[in-house]
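What the coordinates show
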Amino acid sequence: MGSRTAELFSEIDKLRTELLNNVEVMTDCRRAEEDISQREILTRIESVILGIVTSLSNDEAPVLALPKRSSWANVSFNTAVGLQMSSGCSVTSIRSDCPSSATKFAQIVKILSVIYRLVQSNAYATKRDIYYNNTQLFGSQRTVDIIVDDISCLLKIPRRSLHVLATSKGLISGDLCYLEEDGTRINCRSSSAAVAVSSNIVGIRNIVSSAKFIMIVEKDATFQRLLDDDFCTKLSPCIIITGKGVPDVNSRLMVRKLWDVLRVPIFALVDADPHGIEIMCIYKYGSVAMSFEAHSLTVPSVMWLGLLPSDLQRLRVPEEALIPLSKRDEGKLNSLLQRPYLTSQPDWQKEMELMQQSKVKAEIQSLAAIAPDFLTSIYLPNKLRYGGWV
């Protein structure tokens, strides 16, 4: 059993050594983020409110300047961090006297007041709690979600330090135990059921795991299939996690936390299509919208395990299991190929260019056309044993 395990994980162990030698550890940046005191948070909010009061006392309409979180022009690429917001980024003016932005101005001030009280009293609230605090003002949950992130960016304070929590949609399973902030012990080792990713990642402590690797799974359906096939036991010890499509912040924080603590290779299992590739890039390099928090959300060491476009040819996946690229897919693929991080990933570039040439995509489930259990019994074990990642 010992020699079989050694053989199974030999390539993964080599990769781990390589990663530990090459990957720059951003500990100083992270420490600076996590050391923001309660007093400092309150002072930054007071500074914003003081600006509003000063404008009013001068008989001027108050204006808030929010960094543009949706602009590629405000983002730079760093191989050790991913996409990060530039220091001199352009801003959007939210005017209190303009009909098109007056409502947003009121919403921001309202949420600032809620956050101030939460921090002051050392209490926590979910974004959903904030929405139900004044549904008429906010109109939708999405409005609250966006503004909380806008405030986090404006104050240069991570959202979790603002005492605002978000309900997690991610799931995790495998060789992992830890304590929640309230002392609850979480055991992810059940082979049949996954654990919901915590809503308070920064509060997690006492992480215990012997995992040799972590695998990010794009879709919930694939994740459930791995659970059903007892994947974590067959390739023990390992951890699998899914953000159920485009990952929420908590799923990304959890992957980053596990990397910081365990320092083991992290692989991505996504569909061989532009959407799956983009989701993998969010875990690895981050997103434009959350680039102001890149240091705590990205894991540049993530490797692409599958499904690779080259796998479709190599494994001779039946044609009926392949899907032609739509115009939208082609547009997304062209957009991805122009992203700044692709120049540092020639192997990824080759795979995407192969997809461009073949004009087909495939879901992970397409492997079932070869054999029903091909994914868990042959494809993944062989990929991990022989280093079939890029």
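Structure report, in brief. (Residues numbered from 1 in each chain as written. Predicted model: local features only at pLDDT ≥ 70, side-chain atom pairs only at ≥ 80, totals over all residues. Heavy atoms only, no water.)

Section: the overall build of the protein
- Of the regular secondary structure elements, the protein holds 16 helices and 17 strands.
- By the compact-globule yardstick of 21 Å for 390 residues, the protein fits well, its C-alpha radius of gyration being 23 Å.
- Oriented by its inertia axes, the alpha-carbon framework of the protein measures out at about 75 × 50 × 40 Å.
- Going through the 390 residues of the protein one by one, you find that 54% of them count as buried.
- Here the contacts in the protein between residues at least 6 apart in sequence split such that 76% fall between residues at least 24 apart.
- Accessible surface for the protein amounts to roughly 17300 Å². Of this, 50% is attributable to carbon and sulfur atoms.
- Computed over 44 positive and 43 negative side-chain charges, the separation of the two mean positions in the protein equals 1 Å. (Helix = DSSP H or I, 4+ residues; strand = E, 2+ residues; numbered from the N terminus. Rg over C-alpha atoms; globule rule 2.2 N^0.38 Å. Buried < 20%, exposed > 50% of the residue type's maximum accessible area, 1.4 Å probe, protein only. Contact = heavy atoms within 4.5 Å. Areas by Shrake-Rupley, 256 points an atom, 1.4 Å probe, with all protein chains shown as cover. Lys, Arg positive; Asp, Glu negative; His and termini not counted. Charge placed at Lys NZ, Arg CZ, Asp CG, Glu CD.)

Considering empty space enclosed by the protein
- All told, the structure shown has two cavities of 30 Å³ or more when counted by the stated rule.
- Taken as a whole, the largest cavity encloses approximately 90 Å³ of empty space.
- Every residue lining the largest cavity is listed: R159, R160, V164, L165, A166, S199, N200, I201, V202, V249, N250 and L253.
- Those elements giving two or more residues to the lining of the largest cavity turn out to be β6 (164-165) and α10 (249-262).
- No other element matches α10, which puts three residues into the lining of the largest cavity.
- By residue class, the composition of the lining of the largest cavity is seven nonpolar, three polar and two charged. (1 Å grid on protein atoms, 1.4 Å probe; cavity = no way out; pocket = protein on both sides within 12 Å on 5 of 7 lines; lining within 4 Å. Points joined across faces, edges and corners; volume = space filled by probe spheres on them. Nonpolar A, V, L, I, M, F, W, Y, C, P; charged D, E, K, R; others polar.)

Description of the pattern of salt bridges
- The full count for this structure, using the stated rule, is 22 salt bridges.
- Residue D149 is joined to R159 by a salt bridge in which the shortest nitrogen-to-oxygen separation is 3.8 Å. Of this pair, D149 sits in helix α7 (residues 141-155) while R159 sits in the loop between α7 and β6, and the two are ten residues apart along the sequence.
- By relative accessible area, which is 7% here, R159 ends up buried. (Salt bridge = Lys/Arg side-chain N within 4 Å of Asp/Glu carboxyl O.)

What about the pairing of strand β3 (residues 82-85)?
- One ladder, built from four bridges, connects strand β2 (residues 75-78) with β3; its direction is antiparallel. Its bridge partner being in β3, V75 is matched across the sheet by M85.
- The antiparallel pairing of β2 with β3 creates a hairpin that spans three residues between the two strands. (Pairing = 2+ DSSP bridges.)

Focus: the packing of helix α4 (residues 102-120) against α7
- Two elements in contact, α4 and α7, have axes whose closest approach is 10 Å; the angle formed by their N-to-C orientations is 70°. Between α4 and α7, the interaxial angle falls into the category roughly perpendicular. In this structure, α4 uses K104, Q107, I108, I111, L112 and I115 to contact α7, whose residues at the interface are T143, V144, I147, V148, D150, I151 and L155.
- In the contact of α4 with α7, the residues fall into nine nonpolar, two polar and two charged. (Axes fitted to C-alpha atoms, helices over the stretch in contact; angles between N-to-C directions. Parallel < 35°, antiparallel > 145°, perpendicular 65-115°, else oblique.)

Let's talk about the sheet that holds strand β11 (residues 205-208)
- Here we have three strands laid out as an open sheet, ordered β9-β8-β11, and antiparallel in their pairing. A single partner strand is all that each edge strand has here, and the edge strands are β9 (185-187) and β11. When the angles between neighbouring strand axes are averaged without regard to direction, this sheet yields 10°.

Focus on the packing of helix α11 (residues 274-285) against helix α14 (residues 327-337)
- Relative orientation of the contacting elements α11 and α14 amounts to 35°, with a least axis distance of 9 Å. Considering only the axes of α11 and α14, their crossing is left-handed. From α11, P274, I277 and E278 reach across to α14, where they touch D329, K332, L333 and L336.
- Split into classes, the residues belonging to the contact of α11 with α14 amount to four nonpolar, no polar and three charged. (Left-handed = near helix turned anticlockwise from the far one by under 90°.)

Observations regarding the nonpolar core
- Grouped together as the largest cluster of nonpolar side chains are 91 residues, with contacts concentrated most on I172, F213, M215, F231 and M254.
- For this core, the element with the most residues is α10, which contributes seven residues.
- If near-sequence neighbours (up to four positions away) are discounted, I172 is found in contact with C188, A194, V195, V197, F223, I239, I240, I241, M254 and L258.
- L42, L118, I147 and V164 belong to the second-largest nonpolar core, a separate cluster that totals 31 residues. (Core = buried A, V, L, I, M, F, W, Y, C linked by side-chain atoms within 4.5 Å.)

Quick look at the side chain of R160
- By secondary structure assignment, the location of R160 is in the loop between α7 and β6.
- Under the relative-accessibility criterion, R160 is labelled buried at 14%.
- A distance of 2.7 Å separates a polar atom in the side chain of R160 from a polar atom in the side chain of E293. (Polar contact = N/O pair within 3.5 Å; in protein donor to acceptor, adjacent residues only side chain to side chain.)

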